[in-house]
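Chain by chain, the residues:
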Amino acid sequence: MSKAATSKTLWPRDPSKPLKFRMNVPTRQAFPSPPLGPSLGSKGINAPKFCKEFNERTKHFKEGYPMAIDLYIYEDRSYKWDMYYPITSHFIKLAAGINKGGTHKGSEWVGTINMKQVYHIAKTKVDNDPRLKHMPLKQMCMLIMDQCDTMGVAVTKH
């Protein structure tokens, strides 16, 4: 069997449903240059128009926050996009004062945060991200602590 026949493809698909793409774009830093411009252009999206819309919608955030974007592309090359609150790992790195997480899960610790910081991150995410509005705060705290462990950030009680 050829490689082309075994690879995953987006086609054939139901043309009445839009294509969905998920990406992270830094706030107020969307430009039609690589990597964002070519990835949008290959999907038939007007990259300068999208970048202008995105930068306008994120002007009230600090510059550089990585925002999660769901981009829906329709058959006529029109699109809509949903923006979600910055990704959790960004908040963890800010709280721990680090630029990058650890490379080996559980064996390399690169920073620490306390439970109060975990609670504040969880509260911010649950209050501002519509995808998480029905998640209990305790469960969100557990997910953040798991992500801290994966990133090499220790969670302390105080």
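Above this text is the structure in question.
Residues numbered from 1 in each chain as written. Predicted model: local features only at pLDDT ≥ 70, side-chain atom pairs only at ≥ 80, totals over all residues. Heavy atoms only, no water.

Caption draft 1: The packing of helix α4 (residues 88–96) against helix α6 (residues 137–151), seen in detail. Taken N-terminus to C-terminus, the directions of α4 and α6 make an angle of 70°; their axes are 10 Å apart at the nearest point. By the angle class used here, α4 and α6 are roughly perpendicular. For the element pair α4 and α6, the recorded crossing hand is right-handed. Here Thr88, Ser89, Ile92 and Lys93 of α4 lie close against α6, whose contacting residues are Met140, Ile144, Gln147, Cys148 and Met151. Here the contact of α4 with α6 is composed, by residue class, of five nonpolar, three polar and one charged. (Axes fitted to C-alpha atoms, helices over the stretch in contact; angles between N-to-C directions. Helix = DSSP H or I, 4+ residues; strand = E, 2+ residues; numbered from the N terminus. Parallel < 35°, antiparallel > 145°, perpendicular 65-115°, else oblique. Left-handed = near helix turned anticlockwise from the far one by under 90°. Contact = heavy atoms within 4.5 Å. Nonpolar A, V, L, I, M, F, W, Y, C, P; charged D, E, K, R; others polar.)

Caption draft 2: Layout of the sheet that holds strand β2 (residues 66–73). Taken together, the three strands give an open sheet; going across it, the order is β1-β2-β3, and neighbouring strands pair in antiparallel fashion. Two strands bound the open sheet, and with one partner strand each, they are β1 (19–26) and β3 (79–86). Across the sheet, the mean angle from the axis of one strand to that of its neighbour is 20°, orientation sign disregarded. In this structure, β1 lies alongside β2, joined through eight bridges in antiparallel fashion. Bridge pairing links Val25 to Met67 in β2. Along the sheet, helix α3 (residues 47–57) makes contact with β1, β2 and β3, crossing β3 at roughly 35°. (Pairing = 2+ DSSP bridges.)

Caption draft 3: Seen up close, unusual backbone geometry. Omega for the bond connecting Pro34 with Pro35 falls within 30 degrees of zero, at 5°, which places this linkage in the cis form. Inspection of the secondary structure puts Pro35 in the loop between β1 and α2 (36–41). The backbone of Arg28 shows a phi angle near 55°, a positive value even though the residue is not glycine. Counting through the fold element by element, Arg28 comes out in the loop between β1 and α2. For Arg28, a relative accessible area of 33% gives the class partly exposed. Its identity is not glycine, yet Arg77 carries a phi of approximately 70°, on the positive side. Residue position: Arg77 is located in the loop between β2 and β3. (Buried < 20%, exposed > 50% of the residue type's maximum accessible area, 1.4 Å probe, protein only.)

Caption draft 4: Summary view of the environment of Tyr79. Considering the arrangement of structural elements, one finds Tyr79 in strand β3. For Tyr79, a relative accessible area of 16% gives the class buried. Ignoring any residue separated from it by four or fewer positions in sequence, one finds Tyr79 in contact with Ile45, Lys49, Phe50, Glu53, Leu71, Tyr72, Ile73 and Tyr74. A polar side-chain atom of Tyr79 sits 3.3 Å from a polar atom in the side chain of Glu53. (Polar contact = N/O pair within 3.5 Å; in protein donor to acceptor, adjacent residues only side chain to side chain.)

Caption draft 5: Structural detail: α6. Relative to the 21 Å expected for 15 residues at 1.5 Å per residue, α6 spans 21 Å between its end C-alpha atoms, a close match to the ideal helical length. By the burial criterion, the buried members of α6 are Met140, Cys141, Ile144, Cys148 and Met151. One side of α6 holds all its buried residues, which, seen down the axis, span an arc of 100°. Gly152 lies just past α6 and shows a positive phi near 85°. (Expected span 1.5 Å × (residues − 1). Arc of directions from axis to C-beta.)

Caption draft 6: Inspection of the environment of Lys157 at higher detail. In this fold, Lys157 is placed in the segment after β5 (153–156). For Lys157 and Asn114, which are 43 residues apart along the polypeptide, the C-alpha to C-alpha distance reads 5.6 Å.

Caption draft 7: A look at the environment of Gly101. With respect to the helices and strands, the residue Gly101 is situated in the loop between α4 and β4 (111–114). C-alpha separation for the pair Gly101 and Gly152, spaced 51 residues apart in sequence, amounts to 5.9 Å. Look past the residues within four positions of Gly101 in its chain and what remains in contact with it is Lys93, Val110 and Met151.

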